[in-house]
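If you want the building blocks of each chain, they are given just below.
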Amino acid sequence: MEYFNLYANCQLVKGANMSLLCDLQMRRFYHLPNDTAEVITFLQQHAIEECLAHYGEDNRETITGYIDFLISRELGFKDHQLLPGLTPLDLSWDRYSRITNVIIEYNEAVNYNDTFFQQLFDLHVQGLEIRFYHTIAPDKIRGLLAGFNGTTLRFIKLVLPYNETLDLRTLDKLVKQYPRVKSLLIHSSPIDKQEKIFDESVPVVFFSREINSCMACGEIRTNYFTSNMELFTESQHYNTCLNRKLSIDTNGYIRNCPSMREHFGHVTTTALQEVLNNDAFHRYGKIRKDEIAVCRDCEFRHVCTDCRAYVEDPQDIYSKPLKCGYNPYTNTWDEWTENPLKQSAIAWYGLEDIVK
Amino acid sequence: MSQQILILSQSHLEGTTDHVCQWMNHLQIPYLRVNGEDLFQMQHLGDLPSNSQTGVVWYRRKISSFPAKYSLKQDDFATQYTLKRFLIDEFNGLHAFLFYTIDRQKWMNDPISEDNLNKLHVLALARQHGLNTPFTEVVTTKAVIIRLLERCPELIVKPVSECILVEDAAGGQYKMLTKTISKANLQQVPEKFFPSLVQEKIIKKFEIRTFYLDGTCHSMAIFSQDNRNTKEDFRNYDNKRPNRTVPYKLPDDLELKLGQLMKALGFRTGSIDLMVDLQGNYHFLEINPEGQFGMVSYPCNYYLEKKVAQLLNKSILHEKEIY
């Protein structure tokens, strides 16, 4: 008898109608009808012949088609048994830092070398995003980046406004000088385009819309979906948007994310330890996708970024992200800004200018 | 004086040590990391970590590279090489002094066993412990190869010691990897040659890399068979179609035997290579006591770096109870 062995790092996530087969190693995902997912699940317990018998002769071709598809994508293989040694993937999640990611909304008046920032980056923060809403001189960017040279930071993303002096050659020089910079987003650009610098290793995305405040953040789009071990496992236990994340907004206030309403003090007057010891600071980080309305029925829930700052019902932190246009019950994407049911929340957050 | 965890490593290109150290910091476990490079700063022997200070030693690496270049006044290729070898021996002589000054039982792995690990001995020892190993011989003539090819259709040749990296004058690098000998390429084999290790070629279903940590096997299956580039050796990476790497659990009796073998060698940690043939039989290949385990830890979501940090902490607490 032949069996189909599905690799353990290919994880099925079932939604209301459709499922997602997430290949966490090759970082891809496959959108499948729930019927297909059911067959794949059945095959994890039964031989292929048993499966064909179970679903009837009429479905033989369809089912062998599924198996051929899975094999062609190298998501599994046939063998004379379900190999007993192939164990399920352990989905636990942990990191060696209390804060893994930081967002800074840049403000010239804030001193990014003072104690608060030193203590913050001593926690072995891995990723940093620096958002510039206003034009900034390249020298100032270099000065800021030089301050992170002694840290264990691995990844810096710069969000910069379009400026003719910041051409690709200048950016290339910049990232070669500060190799921690691994991604750039240039907003307010005359055109939308994607480039790569530093021997094709650093993407530069030119974005025609203006990003002049954090209000633009929190959109849920398929190109933001990521199928990998880190996000998938974290998503099982924590909020992928806010868990172990910390932001410093443009006025120097410490928040979970720049868009969240409450702050936990100011960088000049609050000690980092105080923030870390504050239970309220960690509250949102514990909200899992499986607990959020609609998201819990969505097949994309464990590849999604989520957003707890702008939600459909501002009074209910367990409601769906406001800026998500996907309906997992109909499997359609609509423009969220045009949804009549979202208009009151849009007004509540004062996002009218953003949605224009 | 309170006893501490000592980590012997190198200052560069040792992500595994860095990763474990970051876990130790996060878990607030105190430790002392001494890189081989640090020995160039010592003033006298008293600067070496002492036995009384040390509760447990995790020995990862000796050194990445000497902090300064040393050369002869008169440049000469052959003597330059001799000097290089000499300096490595000098450094090793100093470094290995620690193997004797710090009590043997404090080392996670017996350092003398680790530094002198012999592939042929490990295979013989593995067989004594009931592990299945591929037929292995060391031969010097084509005539014997021809006879062996009647017994197994294909042989592989690999070093008794370790693979090396060869550089040509233009700076091109050549990795030494496992090669196959069969009737098809027999004509390339000279009549007489340097004593060489040949092994029966196992047609594999998949490979297994096990990280053994203090009695527990953390295993990963590596599927590369349908991937021509990696048929013989999974280190021939194929970036477009990488090997599939998934968590795996070895049968209990096999784990038991591997544990006994590790104990016999005095190792509490190490990487073990195994192969599974088309019939599903396991073949033990070799042990790398200082093998990288990041390549097992990440794809299988095992958090081995955290487990190593916790084991070191447990060991030091245990030491404290004894004293």
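With an unreviewed UniProt entry as reference, chain B is termed Grasp-with-spasm system ATP-grasp peptide maturase, source organism Chitinophaga hostae.

Per an unreviewed UniProt entry, chain A carries the name Grasp-with-spasm system SPASM domain peptide maturase and comes from Chitinophaga hostae.

Q: Which parts of the structure should I look at to understand the packing of aromatic side chains?
A: To describe a pair of aromatic rings, you give the distance between the ring centres and the angle between the ring planes. Following the criterion strictly, the structure yields 33 aromatic pairs over all chains and no others. A connected cluster of aromatic rings, assembled from ring pairs, spans Tyr7(A), Phe77(A), Phe206(B), Phe223(B) and Tyr248(B). Just above the ring of Phe206(A) sits the side chain of Lys193(A); from NZ or CZ to the centre is 4.8 Å. In this structure, Lys323(A) packs its charged tip against the face of Tyr310(A), placed 4.4 Å from the ring centre.

Q: How should the pattern of salt bridges be read in this particular structure?
A: Two side chains that carry opposite charge are able to pair once their charged atoms sit near each other. Residues and elements named next belong to chain B. Scanning the model with the defined rule gives 38 salt bridges over all chains in all. Between Asp 18 and Arg 33 there is a salt bridge, with its nearest N and O atoms 2.8 Å apart. Of this pair, Asp 18 sits in helix α1 (residues 15–26) while Arg 33 sits in strand β2 (residues 31–35), and the two are 15 residues apart along the sequence. Residue Asp 18 is classed as partly exposed on the basis of its relative accessible area of 34%. Among the salt bridges present, the one from Asp 110 reaches Arg 104, with a minimum N-O distance of 2.9 Å.

Q: In this structure, what is going on with the packing of helix α1 (residues 34–43) of chain A against helix α2 (residues 48–55) of chain A? I would like to understand it.
A: Residues and elements named next belong to chain A. Interhelical geometry of α1 versus α2 gives an angle of 135 degrees and a closest axis separation of 9 Å. Regarding the angle of α1 to α2, the classification is oblique. You can see that α1 and α2 cross each other, and the crossing is right-handed. Across the interface between the two elements, Glu 38, Val 39, Phe 42 and Leu 43 from α1 touch Ile 48, Glu 50, Cys 51, His 54 and Tyr 55 from α2. Grouping the amino acids of the contact of α1 with α2 by side-chain chemistry returns six nonpolar, one polar and two charged.

Q: Help me understand unusual backbone geometry in this model?
A: Leaving glycine out, the prevailing phi sign among residues is negative, and the prevailing peptide bond configuration is trans. Residue and element names in this part refer to chain A. The backbone of Phe 198 sits at a positive phi, close to 50 degrees, despite the residue not being glycine. In this fold, Phe 198 is placed in the loop between β10 (193–197) and β11 (202–206). The backbone phi angle of Val 294 is positive, close to 65 degrees, even though this residue is not glycine.

Rules and cut-offs
Residues numbered from 1 in each chain as written. Chains lettered and ligands numbered in written order. Predicted model: local features only at pLDDT ≥ 70, side-chain atom pairs only at ≥ 80, totals over all residues. Heavy atoms only, no water. Phe/Tyr/Trp six-rings, centres within 6.5 Å; stacked < 30°, edge-to-face > 60°. Lys NZ or Arg CZ within 6 Å of the ring centre and 35° of its normal. Salt bridge = Lys/Arg side-chain N within 4 Å of Asp/Glu carboxyl O. Helix = DSSP H or I, 4+ residues; strand = E, 2+ residues; numbered from the N terminus. Buried < 20%, exposed > 50% of the residue type's maximum accessible area, 1.4 Å probe, protein only. Axes fitted to C-alpha atoms, helices over the stretch in contact; angles between N-to-C directions. Parallel < 35°, antiparallel > 145°, perpendicular 65-115°, else oblique. Left-handed = near helix turned anticlockwise from the far one by under 90°. Contact = heavy atoms within 4.5 Å. Nonpolar A, V, L, I, M, F, W, Y, C, P; charged D, E, K, R; others polar.

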